[in-house]
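Structure assessment
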Amino acid sequence: MGVKLVFLGKLADLAGAPEREIEAPLDWSALVEALEGPLGDALESDKVKLAVNGTLLSEKAALFANDGDEVALLPPVSGG
Amino acid sequence: MGVKLVFLGKLADLAGAPEREIEAPLDWSALVEALEGPLGDALESDKVKLAVNGTLLSEKAALFANDGDEVALLPPVSGG
Amino acid sequence: MTATKLRCCRLSAGAEPVRDIRLLDAPFAPGAYVGPFTNANPGLGGVATFVGEVRPDDGVTALELLHYAPLTLAGMEVLADQAFARFDLMGLMLLHRVGVMYPGEPIVCVSAASRHRRDAIQSVDFAMDHLKSDAWFWKREQRADGWHWIEPRDTDHADLARWN
Amino acid sequence: MTATKLRCCRLSAGAEPVRDIRLLDAPFAPGAYVGPFTNANPGLGGVATFVGEVRPDDGVTALELLHYAPLTLAGMEVLADQAFARFDLMGLMLLHRVGVMYPGEPIVCVSAASRHRRDAIQSVDFAMDHLKSDAWFWKREQRADGWHWIEPRDTDHADLARWN
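As the structure is a prediction and not an experimental result, all values here were calculated from the model. Per chain, the residues get numbers from 1 upward, laid out in the order the sequence is written. Each chain takes a letter, starting from A, and each ligand takes a number, starting from 1, following the order in which they are written. Given that the model is predicted, a residue must reach a pLDDT of at least 70 before its local features are reported, and side-chain atom pairs must reach 80 or more before they are shown or counted; all residues, however, enter totals for whole chains, interfaces and linings. The basis for every side-chain value is the complete set of non-hydrogen atoms in the structure, without hydrogens or water.

Examining the overall build of chain A
Stated formally: Working definition: helices are DSSP H or I runs of at least four residues, strands are E runs of at least two. Numbering for both runs from the N terminus. For the exposure calls, accessible area comes from a 1.4 Å probe over protein chains only, and a residue counts as buried if that area is under 20% of its type's maximum, exposed if over 50%, partly exposed in between. Working rule for contacts: check all heavy atoms of both residues, and any pair within 4.5 Å makes them a contact. Accessible surface is estimated by sampling points in the Shrake-Rupley manner with a 1.4 Å probe; for residues, cover comes only from the protein chains shown.
Within chain A, the regular secondary structure consists of three helices and seven strands. Listed N to C, the secondary structure of chain A is β-α-β-β-α-α-β-β-β-β in terms of helices and strands. With the C-alpha coordinates of chain A rotated into their principal frame, the extents come out at 35 × 25 × 20 Å. When the 80 residues of chain A are sorted by exposure, 50% land in the buried category. Across chain A, contacts joining residues at least 24 apart in sequence account for 49% of those joining residues at least 6 apart. Of the roughly 4000 Å² that chain A leaves accessible, carbon and sulfur atoms contribute 49%.

In structure tokens form, the structure reads like this:
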């Protein structure tokens, strides 16, 4: 079933969809390779963070996701 | 009709009444002479202010009130 | 052109500053004032509100607030002038009880409407510090042994001095 | 003894801290929440509240707030923990809209109940600064030329940095 990528905020616009399936296992270099153009640039920006199954990664390069995991790409937030 | 003295807050307790009539014209030394005991002590405290007809005096010694005037003795405030 | 008109011109198009300054001599429900105040400020970004109530601490059974009519309301109007001069405000409401009240009853309700949240919050903070120790009210509390006059605490004076 | 129990013991006798943390997906009336929240905190000295609304500035016709379920509400709970640890609080309410909303509708409502007014006011200030630029929401505005994603302004980051 692979890994589910979730694109939040403007990243969903860049990805053309709020979610995408990607082959497991997934590490940082595989993710960088899979996402091209503006979406790939955004991924490498310091302002974009990653969460695996709802847990924020302190370092994106530490990404590792297996079958059934959910990886969220989180651009800068703005609330209230 | 004289000058009306108005005692606010705890000064009303010290005066035994919220108001008192006093002979006009009234200046600072006449007021000090008229009020004795704890009320007189309070009057001379820096914390107690005077207002004549709703206007606060920047210096109490500048007090001058005529027939029909209202002189308020204002102890430290506490609201909200 | 009056001073009031000049002040209005700093605000967004068409907006007159809303001022609602009152002494209330009976129990009141803050929500009955905050809702209409909010609606009177169309285009606002936010409304900050503080409601103070009589605390049941230290065996306080009742509280009485006295005022002096020639000074108290006029002083609250000056306080509102200062808040409008200092912050980017659309509207300000200052409601203050007088008379005898009981634990759990509201004493004071301050609301500020602004386009920006921090101006609204700071206006409420500013107005409360001044109402607490720089407005013409005298407060006494009733405990088991009778009535006691209350003077501002040192922290009230320190809070007030922050704005100098 | 749990962490929650320990926290309760810093409060006045019998008082459990009141927490009301919610995401709302439909328009809401802040007063319908602030009243019950106030009543849930007997013995309070004051309640501070901030309500943020969608401003009609810059030709904004609608605003959409997105969230990410695995992070957003959990992050608001952590924010509440931080406020309880930092201020002398009896209760805290954090209500935040998600979805599409229109000018004049409330986006956020924060209320803090405390024995002391400045703890209540500062808690609201603290919570708003964090909800604005340090919580898991993504905001976009609709103008005549379409939807635009909004990032926090520099002043939002400066406001947040005050608490470090």
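Some words on the overall build of chain C
Where we set the bar: Atoms counted for the radius of gyration: C-alpha only. Globule rule: 2.2 Å times the number of residues to the power 0.38.
Secondary structure assignment for chain C yields five helices and eight strands. For chain C, the α and β elements follow one another from N to C terminus as α-β-α-β-β-α-β-β-β-α-β-β-α. Over its C-alpha trace chain C gives a radius of gyration of 17 Å, about what one expects of a compact globule, namely 15 Å for 164 residues. If one aligns the C-alpha atoms of chain C with their principal axes, the spans along those axes are about 55 × 30 × 30 Å. The 164 residues of chain C split such that 54% are buried. Long-range contacts, defined as pairs at least 24 residues apart, comprise 74% of the intrachain contacts of chain C with a sequence gap of at least 6. Approximately 6900 Å² of chain C is accessible, and the part contributed by carbon and sulfur atoms is 54%.

Quick look at the pattern of salt bridges
Opposite charge on two side chains allows them to pair when their charged atoms are near. Inclusion rule: Salt bridges are counted wherever a side-chain nitrogen of Lys or Arg sits within 4 Å of a carboxyl oxygen of Asp or Glu.
Inspection of every chain in the model, using the stated rule, returns 36 salt bridges over all chains. For Asp-125 of chain C, the salt bridge goes to Arg-118 of chain D, with nearest N and O atoms at 3.3 Å. With Asp-125 of chain C in helix 4 (residues 117–133) and Arg-118 of chain D in helix 4 (residues 117–133), this residue pair bridges two chains. Residue Asp-125 of chain C shares its accessibility class with Arg-118 of chain D, and that shared class is buried. A salt bridge links Glu-141 of chain C to Arg-143 of chain C; the shortest N-O distance between them is 3.0 Å. For Glu-141 of chain C, a relative accessible area of 15% gives the class buried. On the basis of relative accessible area, Arg-143 of chain C is assigned to the partly exposed category, the value being 25%. What you see here is one network of salt bridges that share partners, running through Arg-117 and Arg-118 of chain C together with Asp-125, Asp-129, Arg-153, Asp-156, Asp-159 and Arg-162 of chain D.

Focus on the nonpolar core
As a reminder of what qualifies: What is meant by a nonpolar core is a set of buried Ala, Val, Leu, Ile, Met, Phe, Trp, Tyr and Cys residues, joined one to another through side-chain atoms within 4.5 Å.
Of all hydrophobic cores here, the largest spans 62 residues; its most connected members are Leu-94 and Leu-131 of chain C together with Leu-94 and Leu-131 of chain D. In contact with Leu-131 of chain C, other than residues within four places in its own chain, are Gly-79 and Gly-80 of chain B together with Met-76, Leu-79, Leu-94, His-96, Val-108, Val-110 and Phe-137 of chain C. Leu-5, Ile-22, Trp-28 and Ala-42 of chain A belong to the second-largest nonpolar core, a separate cluster that totals 22 residues.

Re the interface of chain D and chain C
So the rule is basically this: Summed over both partners, the accessible surface that disappears when two parts come together, traced with a 1.4 Å probe, is what is meant by buried area. Side-chain atoms alone can form a polar contact between residues adjacent in sequence; in general such a contact is a pair of N or O atoms within 3.5 Å, and within protein one must be able to donate a hydrogen while the other accepts it.
Facing the 30 residues of chain D at the interface are 30 residues of chain C. Buried area between chain D and chain C, summed over both chains or domains, comes out near 2400 Å², and the portion from carbon and sulfur atoms is 49%. For the pair chain D and chain C, the number of links is 10 salt bridges. Residues Arg-117 of chain C and Asp-156 of chain D are paired through a salt bridge, measuring 3.3 Å at the closest nitrogen-oxygen approach. Scanning the region where chain D abuts chain C turns up 15 residue pairs in polar contact (both at pLDDT 80 or more). Broken down by secondary-structure element, the contributors of at least two residues to the side of chain D that touches chain C are strand 2 (46–53), helix 4 and helix 5 (154–161) of chain D. The dominant element in the side of chain D that touches chain C, judged by the number of residues it contributes, is helix 4 of chain D, at nine residues.

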